[in-house]
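As a plain string of letters, each chain reads:
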Amino acid sequence: MISLLLAYITLTLFGMIFLGIYGVATRSNLIKKIIMLNVMGDAINMLFILIGYRLVFPVFPPIYEKHITFEEFLRRAVDPVPQALVLTAIVIGMAMNILLATYAIQFYRLHGTVDVRDMAEIMGGEEE
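Cut-offs used in this document
In this convention, every chain numbers its residues from 1, walking through the sequence in written order. Residues qualify for local features only when their pLDDT is at least 70, as the model is predicted, and side-chain atom pairs are given and counted only at 80 or more; totals for whole chains, interfaces and linings, by contrast, use all residues. Computation of side-chain values: all heavy atoms of the structure, hydrogens and water removed. Strands here mean DSSP runs of E at least two residues long; helices mean DSSP runs of H or I at least four residues long; both are numbered from the N terminus. Each residue is placed in one exposure class: buried if its accessible area under a 1.4 Å probe, protein chains only, is under 20% of its type's maximum, exposed if it is over 50%, and partly exposed if it falls in between. Just so you know, the count uses Lys and Arg for positive and Asp and Glu for negative, and it drops His and the chain ends. For this document, the term salt bridge refers to a Lys or Arg side-chain nitrogen within 4 Å of an Asp or Glu carboxyl oxygen. A 3.5 Å cut-off defines polar contacts: any pair of N or O atoms within that distance qualifies, except that in protein one atom must be a possible hydrogen donor and the other a possible acceptor, and neighbouring residues in sequence count only when both atoms are side-chain atoms. The contact criterion used is simple: two residues touch if any of their non-hydrogen atoms lie within 4.5 Å. The term nonpolar core refers to a set of buried residues drawn from Ala, Val, Leu, Ile, Met, Phe, Trp, Tyr and Cys, joined through side-chain atoms within 4.5 Å. A pocket, in this scheme, is an open set of points on a 1 Å grid over the protein atoms alone with protein on both sides within 12 Å along at least 5 of 7 lines, while a cavity is a set where a 1.4 Å probe fits but cannot get out; residues line either one if an atom lies within 4 Å of a point. Grid points are joined across faces, edges and corners, and a volume is the space filled by probe spheres set on the points. Residues are sorted three ways: Asp, Glu, Lys and Arg are charged, Ala, Val, Leu, Ile, Met, Phe, Trp, Tyr, Cys and Pro are nonpolar, and all the rest, Gly among them, are polar. Orientation is described by axes fitted as lines to C-alpha atoms, over the contacting stretch for helices, and by angles from 0 to 180 degrees between their N-to-C directions. These descriptions rest on fixed angle ranges, namely under 35 degrees for roughly parallel, over 145 for roughly antiparallel, 65 to 115 for roughly perpendicular, and the rest for oblique.

Draft legend 1. Summary view of the side chain of Lys33. When you line up the elements, Lys33 lands in helix 2 (residues 30-51). Salt bridges are absent for the buried Lys33, whose nearest opposite-charge side chain, Asp115, sits at 9.3 Å. Here Val24 takes part through its backbone oxygen, which lies 2.4 Å from a polar atom of the side chain of Lys33. Each residue touching Lys33, except ones within four places of it in the same chain, is listed here: Gly23, Val24, Arg27, Ser28 and Val116.

Draft legend 2. The arrangement of the pattern of salt bridges in detail. Tallying each qualifying case throughout the model produces 3 salt bridges. For the salt bridge of Glu72 with Arg75, the shortest nitrogen-to-oxygen distance reads 3.6 Å. Separated by 3 residues within a single helix, Glu72 and Arg75 lie in helix 3 (residues 70-76), roughly one turn from each other. Judged by its relative accessible area of 46%, Arg75 is partly exposed. Its salt-bridge partner being Glu72, residue Arg76 comes within 2.8 Å of it at the nearest N-O pair.

Draft legend 3. The arrangement of the nonpolar core in detail. With 6 residues, the main nonpolar core is built from Leu30, Ile34, Ala104, Phe107, Val114 and Met119. What Val114 contacts, discounting residues up to four positions off in sequence, is Ser28, Asn29, Leu30, Ile31, Ala104, Tyr108 and Met119.

Draft legend 4. Looking closely at the layout of surface pockets. Each pocket or cavity is described by its volume, and for the largest pocket that value is around 270 Å³. Taken together, 14 residues make up the lining of the largest pocket; nearest its centre are Leu37, Asn38, Gly41, Ala89 and Gly93. Of all the elements in the fold, those that place two or more residues in the lining of the largest pocket are helix 2 and helix 4 (80-111). For the lining of the largest pocket, the element with the most residues is helix 4, which contributes 9 residues. Among the residues forming the lining of the largest pocket, the class breakdown is 8 nonpolar, 5 polar and 1 charged.

Draft legend 5. The arrangement of the environment of Met36 in detail. Looking at where Met36 falls in the secondary structure, it is placed in helix 2. Counting along the chain gives 64 residues from Met36 to Leu100, while the straight-line C-alpha distance between them is 12 Å.

Draft legend 6. Representation of the packing of helix 2 against helix 4 in the model. In contact at an axis separation of 10 Å, helix 2 and helix 4 are set at 175° when each is read in the N-to-C sense. Regarding the angle of helix 2 to helix 4, the classification is roughly antiparallel. Here Leu30, Ile31, Ile34, Leu37, Asn38, Asn45, Phe48 and Ile49 of helix 2 come into contact with helix 4, specifically with Pro82, Val86, Ala89, Ile90, Asn97, Leu100, Ala101 and Ala104. Considering only residue class, the contact of helix 2 with helix 4 consists of 13 nonpolar, 3 polar and no charged.

Written out as structure tokens, the structure is:
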């Protein structure tokens, strides 16, 4: 039952990743592209957390305690590396979202559009 649930979760996360790729590739609105990047990044972060999870009960935090044998700790402890990678990815993703949103707002203030096709025409027209 649990393996079926994990299969559904994994398939859902891969679906969200492909949805994000599709949205970034096909949408012309910059705000929609930023939202799809967020969806894709969150799905990848959840996939990393799922990879580091153990399917035993009870699951221990990755902090060794004296009353547990070391073999039992290794068998039941959650892997801390994906957790650290996800925390780092969240911070970097937040910074990238702020940067992209700032660029989109500034471009809208200057040119009145967030459509990527119009942006390409405007940027191409300024180079000539």
